[in-house]
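Descriptive structure summary
Take a look at the letters that make up each chain.
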Amino acid sequence: MPLALRLLLGSFILATFAISLCTQIRYRISSNYLEVTLFGIRVRRLLLADIRYISKHRSGWGEFWWNTLWPAKRMLVIRRRTGFCKNFVITPKNRYIFKAELKRAMRQSKN
């Protein structure tokens, strides 16, 4: 098999694997944390008390946890109080519903 064909096949397999990984990212709101999971395993969590505000507009650098190939219409930016990257960017399926649930969980965690 020629080298060019091997490289093309390898690139295709790698791209397919990366896309399948990307689409398996999920978001979950627990009592004190926003959790990012991959195949059900928690890979990142964000303390609800650390959230300054939630927006749909991104400014500056951020930590991206996208689960779609076209994130523009689903992007939700969570601005943190602490940390190097203040913006925590996720792409829930219904961003306004998720935003309302996240705000409700933030209010409940303060009590």
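Structure: see above.
The rules we used
Residues numbered from 1 in each chain as written. Predicted model: local features only at pLDDT ≥ 70, side-chain atom pairs only at ≥ 80, totals over all residues. Heavy atoms only, no water. Pairing = 2+ DSSP bridges. Helix = DSSP H or I, 4+ residues; strand = E, 2+ residues; numbered from the N terminus. Axes fitted to C-alpha atoms, helices over the stretch in contact; angles between N-to-C directions. Contact = heavy atoms within 4.5 Å. Core = buried A, V, L, I, M, F, W, Y, C linked by side-chain atoms within 4.5 Å. Buried < 20%, exposed > 50% of the residue type's maximum accessible area, 1.4 Å probe, protein only. Salt bridge = Lys/Arg side-chain N within 4 Å of Asp/Glu carboxyl O. Phe/Tyr/Trp six-rings, centres within 6.5 Å; stacked < 30°, edge-to-face > 60°. Lys NZ or Arg CZ within 6 Å of the ring centre and 35° of its normal.

**Digging into the sheet that holds strand E2 (residues 33-38)**
In any sheet, the strands associate via hydrogen bonds between backbone groups, in a parallel or an antiparallel arrangement. Across the sheet, which stays open at both edges, the three strands sit in the order E1-E2-E3 with antiparallel pairing between neighbours. Among the strands making up the open sheet, the edge pair consists of strand E1 (25-29) and strand E3 (41-47). Strand-to-strand twist across the sheet, computed as the mean angle between neighbouring axes with direction ignored, equals 25°. Pairing between E1 and E2: five bridges, direction antiparallel. Following the sheet pairing, Ile 25 is matched in E2 by Leu 38. Those strands touched by helix H2 (residues 95-110) are E1 and E2, and its axis lies near 40° from that of E1.

**Things to note about the nonpolar core**
Among the nonpolar cores identified, the biggest contains 17 residues, and Tyr 27, Leu 34, Ile 51, Ile 78, Phe 88, Ile 90 and Leu 102 are the most heavily contacted of them. Among the secondary structure elements, those contributing two or more residues to this core are E1, E2, strand E4 (51-55), strand E6 (76-80), strand E7 (87-90) and H2. The biggest single contributor to this core is H2, with four residues. Here Phe 88 is in contact with Leu 34, Val 36, Arg 44, Leu 46, Glu 63, Trp 65, Leu 76, Val 77, Ile 78 and Arg 80, once residues within four sequence places are set aside.

**What about the pattern of salt bridges?**
All told, the structure shown has five salt bridges when counted by the stated rule. Put simply, Asp 50 and Arg 80 hold a salt bridge, and the shortest N to O gap is 3.8 Å. Of this pair, Asp 50 sits in the loop between E3 and E4 while Arg 80 sits in strand E6, and the two are 30 residues apart along the sequence. Across the pair, Arg 80 and Asp 50 agree in class, each one buried. Residue Glu 63 pairs with Arg 80 through a salt bridge whose shortest N-O separation is 3.7 Å. On the criterion of sequence distance, the pair formed by Glu 63 in strand E5 (residues 62-65) and Arg 80 in strand E6 is long-range, its members being 17 residues apart. By the burial criterion, Glu 63 is buried, and Arg 80 matches it. Salt bridges sharing partners connect three or more residues here, namely Arg 44, Asp 50, Glu 63 and Arg 80.

**Observations regarding the packing of aromatic side chains**
In total, this model carries two aromatic pairs according to the counting rule given. Summarising the aromatic geometry, the rings of Tyr 27 and Phe 98 are spaced 6.2 Å apart at their centres and angled 65° between planes, so their arrangement reads as edge-to-face. A residue pair is termed long-range when its members are at least 10 positions apart, and Tyr 27 in strand E1 and Phe 98 in helix H2 qualify at 71 residues. Considering the side-chain rings of Phe 64 and Trp 66, the 5.2 Å spacing of their centres and the 65° angle between planes classify their relative orientation as edge-to-face. On the basis of relative accessible area, Trp 66 is assigned to the partly exposed category, the value being 30%. The ring of Tyr 33 has Arg 45 lying over it, and the distance from NZ or CZ to the ring centre is 4.1 Å.

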